[in-house]
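Fold and contact review
The primary structure of each chain is shown beneath.
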Amino acid sequence: MTQSIVVQVGQCGNQVGCRFWDLALREHAHVNQMGIYDEALSSFFRNVDQRGADSTGGRINALKARAVLVDMEEGVLGEILQGPLRSLFSSTQLISDVSGSGNNWAVGHHTYGLAYREQIVDQVRKAAEHCDCLQCFFLIHSMGGGTGSGLGTFVLKLLEDEFPEVCRIVTSVYPTAEDDVITSPYNSILAMKELTEHADCVLPVDNQSLVDIVGKIQHMSNTGKPGGTIKKDCTIISGQGGVVKVEKPFDAMNNIVANLLLNITSSARFEGSLNMDLNEIAMNLVPFPRLHYLLPSLTPLYTLADVNVPPRRLDQMFSDAFSKEHQLIKADPKHNLYLACALMLRGNVQLSDLRRNIERLKPTLPFVPWNQEGWKTSLCSVPPVCHSHSLLALANNTCVKSTFIELRERFVKLYRRKAHLHHYLAVDGMELAGFSEALSSISALIEEYTHLESPLMPNAPRLTIAT
Amino acid sequence: MSIVCLQLGQCGNQIGHELFSVISDDSNGANRKKYKQCSDERFFYETSTGELVARSVLVDMEPKVISQAIAKASKSGRWRYGDKADFSQKQGSGNNWASGFCVHGPRHEEAVEDLVRMEIERCDRLAGIFTMMSVAGGTGSGVGTYITQRLRDLYPSSFILNQVTWPYEAGEVIVQNYNSVLTLSHLYQLSDAILVHENDTVHTICSRLMNIKHISISDVNKVIAHQLASVLQPAYTADSPCHYSTNPIGELLTSLVCHPEYKLLSLCNIPQMSSTSLAYSVFNWPGLLKHLRQMLIASARMEEGIDWTVSAPSAVTSAGESGTNSRQKSFNLSLANLLILRGKDVSTAVTDGFRDPALYVPWLKTENSFSTWTSPVAFNGYEKSATLVSNNQSLLKPLDNIVRKAWNMFASRAYVHQYTKFGICEEDFLDSFTALEQIISSYTHL
Ligand SMILES: Nc1nc2c(ncn2[C@@H]2O[C@H](COP(=O)(O)OP(=O)(O)O)[C@@H](O)[C@H]2O)c(=O)[nH]1
Ligand SMILES: Nc1nc2c(ncn2[C@@H]2O[C@H](COP(=O)(O)OP(=O)(O)O)[C@@H](O)[C@H]2O)c(=O)[nH]1
Ligand SMILES: [Mg+2]
Ligand SMILES: [Mg+2]
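Model, not experiment: these values are computed from the prediction. (Residues numbered from 1 in each chain as written. Chains lettered and ligands numbered in written order. Predicted model: local features only at pLDDT ≥ 70, side-chain atom pairs only at ≥ 80, totals over all residues. Heavy atoms only, no water.)

Quick word on the domain arrangement of chain A
For an interface, size is often stated in terms of accessible area lost upon the parts coming together. Residue and element names in this part refer to chain A. If you check the domain split of chain A, you get domain 1 (3–288), domain 2 (297–400) and domain 3 (402–453). Placing a centre on the C-alpha atoms of domain 1 and another on those of domain 2 gives a separation of 23 Å. Tallying the contact residues gives 40 residues for domain 1 and 34 residues for domain 2. Both faces combined, the contact of domain 1 with domain 2 buries some 3,300 Å², and carbon together with sulfur accounts for 72% of it. Two residues, D212 and K330, come together in a salt bridge whose shortest N-O distance is 2.7 Å. Across the domain 1-domain 2 interface, the total number found is nine residue pairs in polar contact (both at pLDDT 80 or more). Only helix 1 (10–31), strand 8 (201–206), helix 7 (207–223), helix 8 (251–269) and helix 9 (278–285) provide two or more residues apiece to the side of domain 1 that touches domain 2. No other element matches the nine residues that helix 8 contributes to the side of domain 1 that touches domain 2. A per-class count over the side of domain 1 that touches domain 2 returns 22 nonpolar, nine polar and nine charged. (Domains from an automatic or database assignment. Contact = heavy atoms within 4.5 Å. Buried area = accessible area lost by both parts, 1.4 Å probe. Salt bridge = Lys/Arg side-chain N within 4 Å of Asp/Glu carboxyl O. Polar contact = N/O pair within 3.5 Å; in protein donor to acceptor, adjacent residues only side chain to side chain. Helix = DSSP H or I, 4+ residues; strand = E, 2+ residues; numbered from the N terminus. Nonpolar A, V, L, I, M, F, W, Y, C, P; charged D, E, K, R; others polar.)

Pasting the structure below:
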């Protein structure tokens, strides 16, 4: 089996990351009740003895997350070191500073990038040395702040340079239009250029979608809709059953992102003959190197499946995955063009259910002419805790460009007035050209998506053979 | 003589395991001492403690599938895989032919060659090398092609027969048509013959003929293994009418591949049904052969839904009209057929219907186009069983589909960067397309 390393950067990255570790532990505890350190656990956790050396097989001694935690202020990391997850991390895995990035991408990227380069490479390399076969890096960060956005994308480039053969999957939290951080459009657009150039896949998630989903679930569990009593502990926004008891702001939202990560890694964390290898994700879903933004949608979100679901309910789950309400980013894939789509299923789902639903949905979904059969599927037999099954759909769809267009508008509004620019230009290494290059990068990206939507030439004539 | 098998990638290893199971079960039936002896020599060797060990090398870039195959074989109690006959790594080829062909293949060629050499040296006489793999993934297709190329260099005079599984039309690997095009175009240069199974076809056989509700990949593999074993198990041939032939692969190639431009072989068999139906069914040779002949000329892969209106063009058409135009669209013209009959009263079976010159291209002598193998031993639970291995136009349509879809994708250059990353350039793609268009053209204009 292969292993992966999580690199979480900035406040958002670390808060989301910790929800992932907590829920992943809950999931493994649920499946692996004997407390054995098995292959499944080894994909994201080390098992160490008293002296801190790796011990393979046998009983669990102490689990350590295969992770590097980076933040440039002490708050969030300090809490982790005090909190219930502290034993998962040894202090050397944490890299922090005191003064923060002040929501300035340039400070994160250039100032801290330069200052912490060696230390970060060292820690990542140490984590890599503990792996038998390192397959993937999962980078978690937000786009709108300074550290996750700036230093996070610096680390991305670092990983590409130092480990070119290891796949880089980035989970990026995009800001809402009303974000507290005034400079979030700058930070996001500057980060976008790095993501477009250096990531293998990006899973964009936006806070507006998360807020809406959480709101709707809370409303439903408070009003107790007839027929479907929602057990509070089991909703996708709940962290019940984890070791972390106190709920903080953002926790409900972050649990959704953590569930996305649980689902995408489930094939790597559990055995199964129909698993999708992590390196198959980019291979199948990314037809052009820059167009690697994969829109996630999760189901079920609003219902709790019974143990025995009638096929109709199961089919509903497939339909939901394509509805607007289940996207983790504000977008409407159904009315835009699909380049490719993956369906990652967990739990009690048969291959025939999958085939039936693809046949059923295919006519309703527009795919590019050259990829009419652009489906990739996987089945992981272990369901999420409390559910009998779940579905994560990853869509490479042109609708993502509307998010980018909006972001660009917000960027241009500030940029035209040169608002706050001097804070950036005062940073060593940051030039004005950085802004215009980032702007052309995102414009080119938008253009590439638009180009795919334009009516295609008729199919190219086949090669002819003289007879 | 013995056959050395190579199981490559997930598909190759799963089908390989199923094949040895069927062969072992079949040979252990009642009253078949000579048959078993011949089959054992062909597929197994015996250890000093009397255990049967498969003459097979298992190769994959991840450990899971191989370790399952080895464990299942040991559990059978009848046979097992060799102690040092497998090679695996930790991380698969990620559905990428180029990663298999350009990276994993060269990196591990020595280790795999050593394993194959050990098996070959263990044989008193080598009948040939038989490989099994899918064309749509990364390891079987890419590493499999690379290894075939190496074996072709190392054993220039040995027969190499490649069994390949063609993908389902949709749902598994998005780049499957690219991988298939790259695999088939390369194999065509290297292989003595390519024996094709299409997953969609076999899947339909499982649902329609075997009546299986929730079809698993192992159900599909059982049908494929049954068909393969019906060809590879001992039989009497023209060269060896009184003893089981010792040269199965050589004779198969002589019968079916008369020209290097035509080496795609397809398979169909009859009867094929669930064991419950089998218990209540009686078959006679004339009935079975009548159906099988119609399956041949109408290019039906199963007994059900045969188009009985298709017929061979009548012999009276003048030479001028016998070109492609006057032929019925759906008529499936053959270069060669090999009929393998197994079971009761096999000596009474009349095979004249397959000797009709109208079934074959005019530029070959019919006596060279049709061969029969027989065995009086009932095969794998079927009292009577007929299998037809064909070199004809029946694979044209699926091959054309693969090339068409891959070409449409290639026209947009979609996914090409995933291959160039490992050293396969656009030119290589174009060469592969050209090679396959050539094959399509050759079979179209038979
Ligand atoms: N979903 C989510 N968003 C967060 C969280 N913390 C901060 N954010 C968002 O991230 C952006 C600010 O970035 P932050 O991560 O605080 O900055 P950094 O510490 O400098 O990387 C804003 O858009 C916040 O709304 C969190 O825990 N969850
Ligand atoms: N018939 C059959 N097809 C299979 C099996 N396993 C995989 N496939 C097919 O093989 C293709 C994927 O290739 P696979 O062998 O899994 O990849 P590899 O391990 O990289 O060689 C798909 O077209 C699958 O339908 C199997 O056991 N039987
Ligand atoms: Mg902050
Ligand atoms: Mg594989």
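What about the site of ligand 1?
Residue and element names in this part refer to chain A. Taken together, 16 residues lie near ligand 1, and Q15, G148, D179, N207 and N254 sit nearest. At 2.9 Å from an oxygen atom of ligand 1 is found a side-chain nitrogen or oxygen belonging to S142. The backbone of G148 places a nitrogen or oxygen atom 2.7 Å from an oxygen atom of ligand 1. Protein chains shield 92% of the accessible area of ligand 1, which is 560 Å² for the free molecule. Only helix 1, helix 5 (147–162) and helix 8 provide two or more residues apiece to the shell around ligand 1. Counting residues per element, the shell around ligand 1 draws most heavily on helix 1, which supplies four residues. Considering only residue class, the shell around ligand 1 consists of five nonpolar, 10 polar and one charged. (Near = heavy atom within 4 Å. Areas by Shrake-Rupley, 256 points an atom, 1.4 Å probe, with all protein chains shown as cover.)

Brief notes about the packing of helix 6 (residues 184–198) of chain A against helix 14 (residues 432–453) of chain A
Residue and element names in this part refer to chain A. The contact between helix 6 and helix 14 brings their axes to 9 Å, and the two run at 65°. Between helix 6 and helix 14 the crossing geometry is left-handed. When helix 6 is examined against helix 14, the residues Y186, I189, L190, M192, K193 and T196 are found in contact with a partner set consisting of G434, F435, E437, A438, L439, S441, I442 and L445. A per-class count over the contact of helix 6 with helix 14 returns nine nonpolar, three polar and two charged. (Axes fitted to C-alpha atoms, helices over the stretch in contact; angles between N-to-C directions. Left-handed = near helix turned anticlockwise from the far one by under 90°.)

Here we look at the layout of surface pockets
Roughly 1,100 Å³ of internal volume is contained in the second largest pocket. At the level of secondary structure, the elements contributing two or more residues to the lining of the second largest pocket comprise strand 6 (134–142), strand 7 (167–174), helix 6 and helix 9 of chain A together with helix 4 (97–122) and helix 14 (416–420) of chain B. Broken down by element, the lining of the second largest pocket gets its largest block of residues, five residues, from helix 4 of chain B. Considered class by class, the residues forming the lining of the second largest pocket number 13 nonpolar, 16 polar and 10 charged. (1 Å grid on protein atoms, 1.4 Å probe; cavity = no way out; pocket = protein on both sides within 12 Å on 5 of 7 lines; lining within 4 Å. Points joined across faces, edges and corners; volume = space filled by probe spheres on them.)

Brief notes about empty space enclosed by the protein
Counted under the stated rule, the structure contains eight cavities of 30 Å³ or more. Each pocket or cavity is described by its volume, and for the largest cavity that value is around 160 Å³. At the level of elements, helix 1, helix 8, strand 9 (295–299) and strand 12 (389–397) of chain A are the ones that each hand at least two residues to the lining of the largest cavity. Among the residues forming the lining of the largest cavity, the class breakdown is eight nonpolar, eight polar and two charged. There is about 100 Å³ of room inside the second largest cavity. For the lining of the second largest cavity, the elements supplying multiple residues, two or more each, are strand 9 (193–198), helix 7 (199–209) and strand 10 (264–270) of chain B.

Some remarks on the environment of P398 of chain B
All names here are of chain B. Within the fold, P398 resides in helix 13 (residues 396–411). Take P398: its relative accessible area is 18%, and that puts it in the buried class. Considered as a pair, P398 and E109 are 289 residues apart in the sequence and their alpha carbons are 32 Å apart. If we skip the residues at most four places from it in the chain, P398 touches W166 and E198. (Buried < 20%, exposed > 50% of the residue type's maximum accessible area, 1.4 Å probe, protein only.)

Things to note about the pattern of salt bridges
Here the idea is simple: oppositely charged side chains can pair when their charged atoms come close. Tallying each qualifying case throughout the model produces 42 salt bridges over all chains. In this structure, the salt-bridge partner of E79 of chain A is K248 of chain A, at a minimum N-O distance of 3.8 Å. With a gap of 169 residues between them, E79 of chain A in helix 3 (residues 75–82) and K248 of chain A in the loop between helix 7 and helix 8 connect regions that are remote in the sequence. Since its relative accessible area comes to 45%, E79 of chain A is described here as partly exposed. Taken together, the salt bridges that share partners define one network made up of E109, E113, R150 and D153 of chain B.

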